[in-house]
Amino acid sequence: MQSIKKTLTLNQATYTYFDLQALGEQGLAIERLPFSLKVLLENLLRHQDGETVTETDIQAMAKWLDKKTINHEIAYYPARVLMQDFTGVPAIVDLAAMRDAMQQLGGDANKINPLCPVDLVIDHSVQVDAFASQKAFGINVKVEMNRNHERYEFLRWGQKAFDNFRVVPPGTGICHQVNLEYLAKGVWSKTVDGETFVYPDTLVGTDSHTTMINGLGVLGWGVGGIEAEAAMLGQPISMLIPDVIGFRVSGKLPEGVTATDLVLTVTEMLRAKGVVGKFVEFYGAGLDELSLADRATIANMAPEYGATCGFFPVDQETIRYLNLTGRDEEAKLVEAYTKAQGLWRDANAPDPEFTDVLQLDLSTVQPSLAGPKRPQDRVVLSGMRDALSGLLSDADKMADVDTAYPVQGEDFSLHHGDVVIAAITSCTNTSNPSVLMAAGLVAKKALEKGLQRKPWVKSSLAPGSKVVTEYLEKAGLQTYLDQLGFNLVGYGCTTCIGNSGPLPEEITKTIQDNELYTTSVLSGNRNFEGRVHPLTKANWLASPPLVVAFALAGNTHIDLSKEPIGHDENGDAVFLKDIWPSNKEVADAVAMVNGEMFKTQYANVFDGDADWRAIPVSESETYAWQDNSTYVKNPPYFTGLTRDLSSIEDVKSARVLALLGDSVTTDHISPAGVIKADSPAGKYLQENGVAAKDFNSYGSRRGNHDIMMRGTFANIRIRNEMVPDVEGGFTQHIPSGDTLAIYDAAMRYAKEETPLVVIAGKDYGMGSSRDWAAKGTRLLGVKAVIAESYERIHRSNLIGMGVLPLEFTEGVTRKTLKLDGSERFTVTGLAKDLKPGMIFSVLIERDDAEAETIQCRCRIDTENELRYFNNGGILQKVLRDLAI
């Protein structure tokens with residue numbers, strides 16, 4: 001298929017583009033393709049070289065329309081890469097290690113260099129140590145710099161050592177909001193041999209919520225750090241042409257219903273539909289009723305509903321937002337290019353064709369929360385009392401739900417169901433002025449009624465960018481949030497990632513001594529077990545105004561739709577409806593947001609404060625690793641690597657390291673939050689002279705493989721069915737029968753030269769795009785994982801680390817096989833004839849019964865993934881390719 005280049009002229013500049021419309025003239029009918037697939041098609045057209053991308057690939061995209069699905073592998077080259085520091089630090093550690101390995105292979109270390117633009121935003125390291133104070137922000141930023149100085153010094157080195165690599169310093173914003181408000185261009189341009197090419201802005205990111213940018217019509221999704229590193233080094237993203245689920249939106253949100261309520265409804269619907277590995281594309285007349293920020297809120301939570309992305313095509317609202325955020329010139333080019341390419345959404349144009357379709361009338365959406373431990377488990381506001389009653393009954397707490405437990409030194413008591421954390425946090429909602437202004441208005445009206453935050457509630461406000469602070473202050477609402485204790489605590493992903501910080505000491509003691517069932521309410525996107533805080537048993541996702549409301553109520557065992565939220569100074573009941581703002585009040589406040597705010601706040605976005613600029617920077621080609629560092633260490637992935645491939649060994653008589661159930665998340669596998677003092681990671685840190693108060697978090701320690709290995713499967717809420725009476729990261733060593741921490745058991749198996757497998761249920765690896773969930777698995781000696789089904793990113797990460805993902809066939813599970821973890825597993829056929837999707841025979845041996853053989857499907861899905869696996873991992877393949 002011939003690529004046809006055309007030009008467009010704008011403001012006396014000429015741009016060249018690869019014309020999609022011309023494909024129709026060559027016999028390919030692509031007009032009714034979903035917009036998201038058109039973006040992929042343009043990518044193929046532009047990279048067609050007869051080898052990596054062929055004419056067959058382009059024809060396959062058009063053939064997708066025949067059945068609205070096709071089993072065809074393509075190579076996708078994103079325009080850029082986005083990282084946050086929790087995932088970015090280990091990625092740069094890997095690149096630094098690859099430079100060392102390249103030298104050992106006799107190659108040029110400078111070949112290890114990003115070939116496309118890479119932006120890293122430091123946003124995951126700030127913790128809520130101080131709160132409910134005007135000094136909270138300054139204190140937290142200072143503590144962050146002290147805790148993370150070593151990591152930041154390393155990133156400053158990377159900033160100097162690598163080309164095409166920019167770092168947005170701490171205290172600036174959340175990567176997805178900075179991306180939405182500033183980094184994204186809508187379309188990208190590049191000059192080659194004097195010719196300026198223009199093409200869609202596309203990206204992959206090392207955070208699963210990279211999908212938020214889909215709200216701007218920019219195609220992007222989350223990948224693991226190892227896959228992102230390969231993309232940075234010029235490798236394509238290997239993928240199957242996806243099914244695309246159309247989500248038709250009609251109507252208009254009713255009075256008092258927020259974008260957060262909408263996204264929780266969408267998440268519930270799409271997770272029930274089953275969209276893992278699929279694109280979701282939104283269409284219909286209802287899009288005209290959704291602001292760009294509302295669209296971004298929906299797109300952000302694609303990982304929660306399981307889709308690869310949740311895409312909104314470019315239209316007039318996209319242009320309005322680009323202009324609003326100070327990107328006037330970009331807006332002109334986006335409009336001209338997308339209209340020329342047929343990538344512009346027009347309400348009068350025919351709808352695209354989709355694999356399947358869901359529909360939602362916006363007028364049916366109700367105020368909602370989601371929890372207690374999964375984002376897709378929506379509960380309408382009026383059902384919260386019953387929901388918590390059920391949880392308390394399950395936890396044997398319902399009988400004493402009204403019992404008061406005094407807090408020493410305070411004039412209040414705690415109860416089961418009390419809210420101890422109320423956090424306005426996370427990229428999902430802090431990018432949306434409507435819900436933040438609504439939170440400020442609820443605070444204002446509450447104070448006017450004489451209401452106050454309950455004293456046991458740890459409250460915080462962590463905006464996604466400094467623009468938020470400016471518009472809240474301009475609207476006169478920040479002062480009311482401050483008076484309720486929702487003071488600025490930092491610009492970053494705080495509570496949602498587990499950086500909620502400690503609860504006050506006496507509250508902690510009361511909870512622990514009485515085994516209280518306490519809760520959190522946060523405006524985030526993640527509420528997995530053990531993620532928000534170790535002491536909160538139930539965690540509820542909610543809109544920012546509802547976060548404020550529950551801070552006022554102080555308990556989630558309440559129906560705020562009809563029960564009083566509190567009482568005024570006269571003792572009269574105050575209901576939620578009495579302090580809830582009208583849509584007009586919210587719209588009037590949002591109207592104060594303007595382009596100058598964005599231009600001002602992003603004018604010097606890469607400079608950082610004086611502390612950041614004062615960090616010393618080495619200019620060496622390779623990194624000078626410090627032997628005593630507990631943050632950054634040279635990982636062992638490339639030890640003994642040679643230029644030649646070694647054959648893959650079969651898995652023989654492997655023992656089970658963990659026998660796990662359904663919905664095991666990457667947080668369960670590789671937690672990001674608190675490091676317990678008595679855990680293997682905590683003991684390691686103490687042995688290396690680190691006091692418990694300086695542990696920081698697992699997320700901040702991801703540059704140190706010794707800690708992350710010890711943290712693998714270390715979540716305090718994970719349940720290994722091999723030790724059913726034990727909660728947390730423990731297992732049974734076979735044949736000794738000893739109950740050990742999973743890390744300790746893995747090390748004992750390593751000494752015994754025993755390979756390992758992990759057995760799991762459905763949706764294994766759901767949640768964050770956490771490469772350490774795969775890296776840690778590999779370093780513990782796990783050769784294969786056998787699960788009922790996988791989430792997309794984790795499956796890819798396992799392959800990228802050389803771990804074989806196998807899937808039980810339909811109807812076969814760990815339960816039907818009556819597995820207890822004492823079995824031995826043998827997988828043969830890896831050394832030869834391994835093919836994507838092939839069926840393996842897996843031998844299961846038991847000590848007290850006859851052996852049996854089952855069939856498992858290989859979840860290496862593409863030829864490119866197979867090449868990665870045969871090399872022992874994706875980075876090993878890249879190194880070998882570059883060393884030639």
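Summarised in this report is the structure supplied together with it. (Residues numbered from 1 in each chain as written. Predicted model: local features only at pLDDT ≥ 70, side-chain atom pairs only at ≥ 80, totals over all residues. Heavy atoms only, no water.)

## Here's the deal with the overall build of the protein chain
Per the secondary structure count, the protein chain includes 32 helices and 34 strands. Once the C-alpha set of the protein chain is aligned to its principal axes, its extents read approximately 80 × 75 × 55 Å. Within the protein chain, buried positions represent 63% of all 884 residues. Residue pairs at least 24 apart in sequence account for 76% of intrachain contacts in the protein chain once pairs closer than 6 positions are excluded. Counting every atom, the protein chain has about 30900 Å² of accessible surface; 46% of that belongs to carbon and sulfur. A distance of 1 Å separates the average location of the 86 positive side-chain charges in the protein chain from that of its 115 negative side-chain charges. (Helix = DSSP H or I, 4+ residues; strand = E, 2+ residues; numbered from the N terminus. Buried < 20%, exposed > 50% of the residue type's maximum accessible area, 1.4 Å probe, protein only. Contact = heavy atoms within 4.5 Å. Areas by Shrake-Rupley, 256 points an atom, 1.4 Å probe, with all protein chains shown as cover. Lys, Arg positive; Asp, Glu negative; His and termini not counted. Charge placed at Lys NZ, Arg CZ, Asp CG, Glu CD.)

## Let's talk about the sheet that holds strand β34 (residues 849-858)
Judged by pairing direction, the barrel is mixed, and its seven strands sit side by side in the order β26-β29-β30-β31-β34-β33-β32 before closing back on the first. Across the sheet, the mean angle separating the axes of adjacent strands is 40° when strand polarity is ignored. Pairing analysis gives four bridges linking strand β29 (residues 756-759) to strand β30 (residues 782-787), with the strands arranged parallel. For L756, the partnering residue across the bridge sits in β30 and is V782. (Pairing = 2+ DSSP bridges. Axes fitted to C-alpha atoms, helices over the stretch in contact; angles between N-to-C directions.)

## Observations regarding the nonpolar core
Core analysis: the biggest nonpolar cluster contains 297 residues, and F282, Y305 and Y764 have the highest contact counts within it. For this core, the element with the highest residue contribution is helix α4 (residues 85-104), accounting for eleven residues. Not counting the four nearest positions on each side in its chain, Y305 is found in contact with V266, T267, L270, R271, V275, V280, F282, I298, A299 and G310. Counting five residues, the second largest nonpolar core, distinct from the first, contains A130, A136, A462 and V489. (Core = buried A, V, L, I, M, F, W, Y, C linked by side-chain atoms within 4.5 Å.)

## Some points on the packing of α4 against helix α32 (residues 874-883)
Packing of α4 against α32 brings their axes to within 11 Å, and their N-to-C directions diverge by 40°. One way to sum up the angle between α4 and α32 is to call them oblique. You can see that α4 and α32 cross each other, and the crossing is right-handed. Here D94, M98, A101 and M102 of α4 come into contact with α32, specifically with L875, V878, L879, L882 and A883. Split into classes, the residues belonging to the contact of α4 with α32 amount to eight nonpolar, no polar and one charged. (Parallel < 35°, antiparallel > 145°, perpendicular 65-115°, else oblique. Left-handed = near helix turned anticlockwise from the far one by under 90°. Nonpolar A, V, L, I, M, F, W, Y, C, P; charged D, E, K, R; others polar.)

## What to know about the packing of aromatic side chains
Throughout the structure, instances matching the rule amount to 19 aromatic pairs. Judged by centre distance (5.5 Å) and plane angle (75°), the ring pair of F137 and Y491 falls under edge-to-face. Here F137, found in helix α5 (residues 136-147), pairs with Y491, found in the loop between α18 (478-483) and α19 (505-514); they are 354 residues apart in sequence, far enough to count as distant. What makes F137 partly exposed here is its relative accessible area of 25%. Residue classification places Y491 among the buried positions, given a relative accessible area of 8%. The aromatic ring of W344 is capped on one face by K339, whose charged end is 4.6 Å from the ring centroid. (Phe/Tyr/Trp six-rings, centres within 6.5 Å; stacked < 30°, edge-to-face > 60°. Lys NZ or Arg CZ within 6 Å of the ring centre and 35° of its normal.)

## Overview of the state of the cysteines
Here a disulfide denotes one covalent bond, and it connects the sulfur atoms of two cysteines. Taken as a whole, this structure holds zero disulfides when the rule is applied. Looking at C175, it has no disulfide partner, and the nearest cysteine sulfur is the one in C427, 6.8 Å off. Given a relative accessible area of 0%, C175 falls into the buried group. Of the cysteine sulfurs around C856, a residue in no disulfide, the closest is that of C858, at 10 Å. On the accessibility criterion, C856 (0% relative accessible area) is buried. (Disulfide = S-S within 2.5 Å.)

## Regarding helix α17 (residues 466-474)
Buried within α17 we find V467, V468, T469, Y471 and L472. On its buried face, α17 is in contact with α7 (175-183), α15 (427-430), α16 (433-448), β21 (458-461), α18 and α23 (595-601). Backbone geometry just downstream of α17 places G476 in the positive-phi region, at approximately 75°.

## Focus: the sheet that holds strand β12 (residues 244-250)
With respect to topology, four strands assemble into an open sheet ordered β14-β13-β12-β15, the strand pairing being parallel. Strands at the two margins of the open sheet, each flanked by one partner only, are β14 (309-311) and β15 (356-361). Pairs of neighbouring strands in the sheet enclose a mean axial angle of 20°, with direction left out of account. Note: β12 against strand β13 (residues 279-283), five bridges, orientation parallel. Bridging from a neighbouring strand, I245 pairs with V280 of β13. Along the sheet, helix α9 (residues 259-273) makes contact with β12, β13 and β15, crossing β15 at roughly 150°.

## Describing the packing of α4 against helix α8 (residues 225-232)
Interaxial distance between α4 and α8 falls to 9 Å at its minimum, and their mutual angle equals 55°. Classified by the angle their axes make, α4 and α8 are oblique. Two packed elements cross with a definite hand, and for α4 against α8 that hand is right-handed. Seen from α4, the contacting residues are P90, A91, D94 and L95; seen from α8, they are I226, E229 and M232.

## Brief notes about the pattern of salt bridges
Oppositely charged side chains can form a pair if their charged atoms are brought close together. A complete count under the given rule lists 50 salt bridges for this structure. Across the pair K5 and E195 runs a salt bridge, and its minimum N-O distance is 3.6 Å. On the criterion of sequence distance, the pair formed by K5 in strand β1 (residues 5-10) and E195 in strand β8 (residues 195-200) is long-range, its members being 190 residues apart. Among the ionic pairs, E42 bridges to R46, the shortest N-O distance being 2.8 Å. Of this pair, E42 and R46 both sit in helix α2 (residues 35-47), four residues apart, roughly one helical turn. Each of R795, E807, R859, D861 and E865 takes part in salt bridges that share partners, so that together they form one network. (Salt bridge = Lys/Arg side-chain N within 4 Å of Asp/Glu carboxyl O.)

## Considering the side chain of S460
Mapped onto the elements of the fold, S460 is located in strand β21. The contacts of S460, once residues within four sequence positions are left out, are V128, A422, A423, I424, G485, F486, N487, V489 and T495.

## A closer look at the environment of A587
With respect to the element layout, A587 can be found in helix α22 (residues 583-590). Taking the relative accessible area as the measure of exposure, A587 reaches 43% and is therefore partly exposed. A sequence separation of 153 residues divides A587 from S434, and the C-alpha atoms of the two residues are 7.1 Å apart.

## Digging into the pairing of β21
Where burial is concerned, the two faces of β21 agree: the one with K458 and S460 and the one with S459 and L461 are both buried. With four bridges joining them, strand β20 (residues 419-424) and β21 adopt parallel strand pairing. Residue A422 lies in a different strand from β21, and its bridge partner there is S459.

## Considering unusual backbone geometry
Each neighbour pair has its own omega, and for G371 with P372 the value is 10°, a cis peptide bond. Mapped onto the elements of the fold, P372 is located in the loop between β16 (368-370) and β17 (378-380). Cis peptide bonds are those with omega within 30 degrees of zero, and the linkage from I734 to P735 qualifies with 15°. Here P735 is to be found in the loop between β27 (730-732) and β28 (739-741). For K818, which is not glycine, the phi torsion reads 55° and is therefore positive. Within the secondary structure, K818 is located in the loop between β31 (804-808) and β32 (824-827). In this structure K818 comes out as exposed when scored by relative accessible area, which is 70%.

## Digging into the environment of V143
Looking at the secondary structure, you find V143 in helix α5. Counting along the chain gives 346 residues from V143 to V489, while the straight-line C-alpha distance between them is 12 Å.

## Quick notes on α16
Here α16 contains 16 residues, and its C-alpha end-to-end distance of 22 Å stays within 8% of the 22 Å for a straight helix at 1.5 Å per residue. Burial runs high along α16: 13 of the 16 residues are buried. In the stretch just after α16, G450 is the one whose phi turns positive, near 85°. (Expected span 1.5 Å × (residues − 1).)

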